[in-house]
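Below, each chain spelled out in residue letters.
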Amino acid sequence: MSDATNASPALLDVHDVSKAFGAVEVLRSVSLQVKRGEVVTVIGPSGSGKTTLLRCVNFLESYDSGSIRIDGKEVGYREAGTRRRRSERDLAAMRAETGMVFQSFNLFPHLTAAGNIMLGLTKVRGKSQTEARQIAEHWLGRVGLAHKADSLPAELSGGQQQRVGIARAVAMEPKILLLDEITSALDPELVGEVLAVVRSLAEDGMTMLMVTHEMAFARDASSRIVFMADGGVSAVGPPKEILAAETSNERLRTFLARFRASHF
Amino acid sequence: MGYALNFNLIWRHFDKLWGGLLLSLELAVISIAIGTVIGLALAVWYVSAGRVVRAIIAAYVEFIRNVPLILLVYLVFYGVPTVVDLAYSAPTSFVLTLSVYSGAYLVEVFRSGLEAVPRGQLDAGRAIGLTPWQRLVHVRLPTMLRITLPALSNTFISLFKDTSIASVISVPELTFGAQWINFNTFRIVEVYLVTTAMYLVTGYILLFGLRLVERRFRAAR
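Residues numbered from 1 in each chain as written. Chains lettered and ligands numbered in written order. Predicted model: local features only at pLDDT ≥ 70, side-chain atom pairs only at ≥ 80, totals over all residues.

Here's the deal with the overall build of chain B
Reasoning step 1: Helix and strand counts for chain B stand at 9 helices and 0 strands.
Reasoning step 2: Going from N to C terminus, chain B has its helices and strands arranged as α-α-α-α-α-α-α-α-α.
Reasoning step 3: Across its three principal axes, chain B shows a C-alpha extent of roughly 75 × 50 × 25 Å.
Reasoning step 4: By residue count, 36% of the 221 residues in chain B fall in the buried class.
Reasoning step 5: For chain B, the proportion of contacts with a sequence separation of at least 24, taken over those separated by at least 6, is 79%. (Helix = DSSP H or I, 4+ residues; strand = E, 2+ residues; numbered from the N terminus. Buried ≥ 20, exposed ≤ 12 C-beta atoms within 10 Å, placed from the backbone. Contact = placed C-beta atoms within 7 Å.)

As for the overall build of chain A
Reasoning step 1: Within chain A, the secondary structure is distributed over 9 helices and 10 strands.
Reasoning step 2: A compact globule built from 264 residues would reach a C-alpha radius of gyration of about 18 Å, and chain A, at 18 Å, matches this within 12%.
Reasoning step 3: The dimensions of chain A, computed from C-alpha atoms along their principal axes, are 55 × 45 × 35 Å.
Reasoning step 4: Relative to its 264 residues, chain A shows a buried fraction of 47%.
Reasoning step 5: In chain A, 64% of the contacts between residues at least 6 apart in sequence involve partners at least 24 apart. (Rg over C-alpha atoms; globule rule 2.2 N^0.38 Å.)

Here we look at the interface of chain A and chain B
Reasoning step 1: If you look at the interface, chain A gives 23 residues, while chain B gives 19 residues.
Reasoning step 2: Among the secondary structure elements, those contributing two or more residues to the side of chain A that touches chain B are helix 2 (88-95) and helix 3 (113-123) of chain A.
Reasoning step 3: Broken down by element, the residue count for the side of chain A that touches chain B peaks at 5 residues, all from helix 2 of chain A.
Reasoning step 4: Counted by class, the side of chain A that touches chain B contains 13 nonpolar, 5 polar and 5 charged residues. (Nonpolar A, V, L, I, M, F, W, Y, C, P; charged D, E, K, R; others polar.)

Quick look at the environment of Val 39 of chain A
All names here are of chain A.
Reasoning step 1: Counting through the fold element by element, Val 39 comes out in strand 3 (residues 39-43).
Reasoning step 2: Separated by 169 residues in the primary sequence, Val 39 and Met 208 have C-alpha atoms spaced 4.7 Å apart.
Reasoning step 3: Apart from the residues lying within four places of it in its own chain, the contact partners of Val 39 are Ala 202, Met 208, Ala 221, Ser 222 and Ser 223.

Let's talk about helix 1 (residues 50-57) of chain A
Residues and elements named next belong to chain A.
Reasoning step 1: When you tally the buried positions in helix 1, you get 7 out of 8 residues, the bulk of the element.
Reasoning step 2: When we look at burial in helix 1, the residues that qualify are Lys 50, Thr 52, Leu 53, Leu 54, Arg 55, Cys 56 and Val 57.
Reasoning step 3: At the C-terminal side of helix 1, Phe 59 shows a positive phi close to 60°.

Considerations on the confidence of the model for chain A
Residue and element names in this part refer to chain A.
Reasoning step 1: In this model, chain A carries an average pLDDT of 90, and 95% of its residues clear a pLDDT of 70 or more.
Reasoning step 2: Mean pLDDT values for the elements of chain A range from 83 in helix 9 (residues 250-263) up to 97 in helix 3.
Reasoning step 3: In this model, residues 1-8 is a region of pLDDT below 50 whose contacts with residues beyond four sequence positions or in other chains number 7 contacts. (pLDDT = per-residue confidence, 0-100.)

A short note on helix 7 (residues 132-162) of chain B
Reasoning step 1: Its 31 residues give helix 7 of chain B an end-to-end C-alpha distance of only 37 Å, which falls more than 12% under 45 Å, the value for a rise of 1.5 Å per residue.
Reasoning step 2: The largest bend along helix 7 of chain B reaches roughly 55° and is located at Thr 148 of chain B, with the proline Pro 150 of chain B sitting one to four residues downstream. (Expected span 1.5 Å × (residues − 1). Bend = angle between axes of the 7 residues up to and from the residue.)

What about the sheet that holds strand 6 (residues 98-101) of chain A?
All names here are of chain A.
Reasoning step 1: Ordered in space as 6-7-8-3-9-10, the 6 strands form an open sheet in which the pairing is mixed. Edge positions in the sheet fall to strand 6 and strand 10 (232-237), since each of these pairs with one other strand and no more. Within this sheet the neighbouring strands show an average axis-to-axis angle of 20°, counted without direction.
Reasoning step 2: Two strands pair when backbone bridges link them, and strand 7 (residues 176-180) and strand 8 (residues 208-211) are joined in this way by 4 bridges, in the parallel orientation. (Pairing = 2+ DSSP bridges. Axes fitted to C-alpha atoms, helices over the stretch in contact; angles between N-to-C directions.)

Quick word on the packing of helix 2 (residues 14-48) of chain B against helix 8 (residues 174-185) of chain B
All names here are of chain B.
Reasoning step 1: Axis separation between helix 2 and helix 8 bottoms out at 7 Å; the angle between their running directions is 160°. The angle between helix 2 and helix 8 places the two elements in the roughly antiparallel class. Along this stretch, helix 2 crosses helix 8, giving a crossing that reads as right-handed. Contacts between helix 2 and helix 8 involve Lys 16, Leu 17, Gly 19, Gly 20, Leu 21 and Ser 24 on the former and, on the latter, Leu 174, Phe 176, Gly 177, Ala 178, Trp 180 and Ile 181. (Parallel < 35°, antiparallel > 145°, perpendicular 65-115°, else oblique. Left-handed = near helix turned anticlockwise from the far one by under 90°.)

Quick look at the pairing of strand 8 of chain A
For a regular strand, side-chain orientation follows a simple rule: the groups alternate between the two sheet faces.
Residues and elements named next belong to chain A.
Reasoning step 1: In strand 8, alternate side chains face the same way, and those of Met 208 and Met 210 on one face and Leu 209 and Val 211 on the other are all buried.
Reasoning step 2: One ladder, built from 4 bridges, connects strand 3 with strand 8; its direction is parallel. Bridged to Thr 41 within strand 8 is Met 210.

Put into structure tokens, the structure is as follows:
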């Protein structure tokens, strides 16, 4: 177990993390690093633990062993190697440093687009209503929804809702953005507008860890790709290397072959 | 037809019915307000509590739901003061009883509403760094309210009608007023026709008001 003085340069350092739901091992000593400004994409067959890994990074899920650090700080537990959970207040403060965008958007249905973004800014960041509103409008502009600030989620299309979801996450100025299959619930024609927003965030240098099935996007936008299978990291590397058809990793080859068969 | 309807005697004593109706509403409003506080507090406690607390709250709900209200009214008004040294008026006794009674029903309404709030919304609240209390106030309760409003309206109307039980301990609410007029005039058909109409109209007005509130909330969905 590395101690705090030996902090790695990685912004996110997942080290030897394991987790089981009952008898099912969903994460088997997973390790991966994300450096500042990097976009790391996790791919793999369903049930391989991708989403669980993402949810461990902001401690929506606890893990049984190993350590996850953001900026050198242990995320869910008081110190590395112990299983003493942080207090709920500490956890909330830690989570505010990571942004998360969900597959099913998860907007607050009673709040407008601007209201969704302002909730965290006012309650967690302590900004005034006026300031929070300005920030919300700025980010709604960035995702192309300036004119929808006062619309309720139910009045927005899926793609628009997801763009609000992204704005809600980045408005908090997180150190890292976690994207969990954010286009999987969208109609095909709405996927592009959401990916365009992610791409522009990547160009701005936002650090991202994302799970996606959009291979073309993963290839173009990622610094590195992590291939997960059966709860473990099976391969890591630059997109060109991982997505090459002639890879020697048999599971990866099978996955890519199945994927191509069903998508092209 | 040997019975000719004659409402004159009813109108002469109409103040008994009107005053009774106002008292019925007063009993209902106070009891429902207290019951709502009990129900909301216990429901919030229930969904985050361990097994023991859940069992205790469930026992309270089951007890109330399986005992007729009229028995509870007798128990609190006649039973409790004979055992412990407590003195309270009939209306106070009834408000106490109906509060505890409505609390049990409202726990169930609020609990199922809280449990129906989609997990994803709570995750989103956690992900932006809201504390548990902030998630409850800003995420869970607003959504719960929206989900439970129709069931809540029904429960409120039902509880308003339950105030008629107060007549058994001589609280001069609407049903008691009707009984008084019946005993003193023997116009049984007329008095209960008028009384029925009064419950009906009041119930409809309450329902209409509650539906307006529901629509406001639904529009803001």
